[in-house]
Amino acid sequence: MSVNRAQRVDLDVVTDLIPAHSRVLDVGSGDGVLLELLQETKQVDGRGLELSQRGVNECVARGLSVIQGDADTDLAFYADKGFDFVVLSQTLQATRNPKIVLDQLLRIGNRAIVSFPNFGHWRVRFSLLIKGRMPVTKDLPYSWYDTPNIHFCTIRDFVNLCEELGATVEKATALDANGQKIGLSMPWWFWNFFGQQAVFLLKR
């Protein structure tokens, strides 16, 4: 599915975390907009893995080096520390085994960058509490019956998973509904309530 960069404020946050000329693996490349942005602005040595043939075709049309593959199964074939950064952008919640996938990211890359929609955001809670329905928001745009997302999590859930895997959170950013960064001094519960999405830089 084609992604409008203007609607993906997390892309600029991810890009800012990656130094120029890094070796980058983009897992779940989609239409290639992030990998293209990284190559244009940071001159990275970029590779991609994308599940859908349509996505792969769009990436190749952009001149990107992206192959078809499944994050749940095919990351096992990548060498340890083969990349400086492995990026999983808005894809974790669509994997069958998020814990295994995150473990593989930390193995393959010197650092992993993960962004995801926060299911603990107050709009999500409000929809469930007041409407009694699964929420549909800008970052969770699908209805329950056609969503590719099968493992929703909150920011607090993700932090707990990182602790289980022995991953160090080197940097984290929560973005509110307007795409603005939430202050670093705010506690996790505040991020969990007001952060509509989050971006984490991890190392192990």
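Residues numbered from 1 in each chain as written. Predicted model: local features only at pLDDT ≥ 70, side-chain atom pairs only at ≥ 80, totals over all residues. Heavy atoms only, no water.

In this section: the sheet that holds strand β5 (residues 109–117). The mixed open sheet is built from seven strands, whose spatial order is β3-β2-β1-β4-β5-β7-β6. Edge positions in the sheet fall to β3 (66–68) and β6 (168–175), since each has one partner strand and no second. Ignoring strand direction, the axes of neighbouring strands in this sheet form an average angle of 15°. Pairing analysis gives five bridges linking strand β1 (residues 23–27) to strand β2 (residues 45–50), with the strands arranged parallel. Looking across to β2, one finds that valine 24 is bridged to glycine 46. Seen against the sheet, helix α5 (residues 98–108) touches β1, β4 (83–89), β5 and β7 (197–203) and runs at an angle of roughly 145° to β5. (Pairing = 2+ DSSP bridges. Helix = DSSP H or I, 4+ residues; strand = E, 2+ residues; numbered from the N terminus. Axes fitted to C-alpha atoms, helices over the stretch in contact; angles between N-to-C directions. Contact = heavy atoms within 4.5 Å.)

In terms of nonpolar packing, the biggest core is built from 33 residues, with Leu75, Leu102, Leu105 and Phe158 touching the most fellow members. Every element with two or more residues in this core is listed here: β1, β4, α5, β5, α7 (155–164), β6 and β7. Setting aside residues up to four positions removed in sequence, leucine 105 forms contacts with Val27, Leu75, Val86, Leu88, Ala112 and Val114. One finds Val14, Leu37, Leu175 and Leu201 within the second-largest nonpolar core, a separate group that totals 17 residues. (Core = buried A, V, L, I, M, F, W, Y, C linked by side-chain atoms within 4.5 Å. Buried < 20%, exposed > 50% of the residue type's maximum accessible area, 1.4 Å probe, protein only.)

When pLDDT is averaged along the chain, the result is 87; 84% of the residues meet or exceed 70. Taken as a whole, residues 1–6 scores under 50 in pLDDT and shows twelve contacts with residues more than four places along the chain or in a different chain. (pLDDT = per-residue confidence, 0-100.)

A cluster of nonpolar side chains, Trp189, Phe193 and Phe194, forms an exposed patch at the surface whose accessible area comes to about 310 Å². With respect to the element layout, phenylalanine 193 can be found in helix α8 (residues 188–194). A relative accessible area of 31% places phenylalanine 193 in the partly exposed class. (Patch = residues over 30% accessible without salt bridge, like charges linked within 9 Å, V, L, I, M, F, W, Y side chains within 5 Å. Areas by Shrake-Rupley, 256 points an atom, 1.4 Å probe, with all protein chains shown as cover. Salt bridge = Lys/Arg side-chain N within 4 Å of Asp/Glu carboxyl O.)

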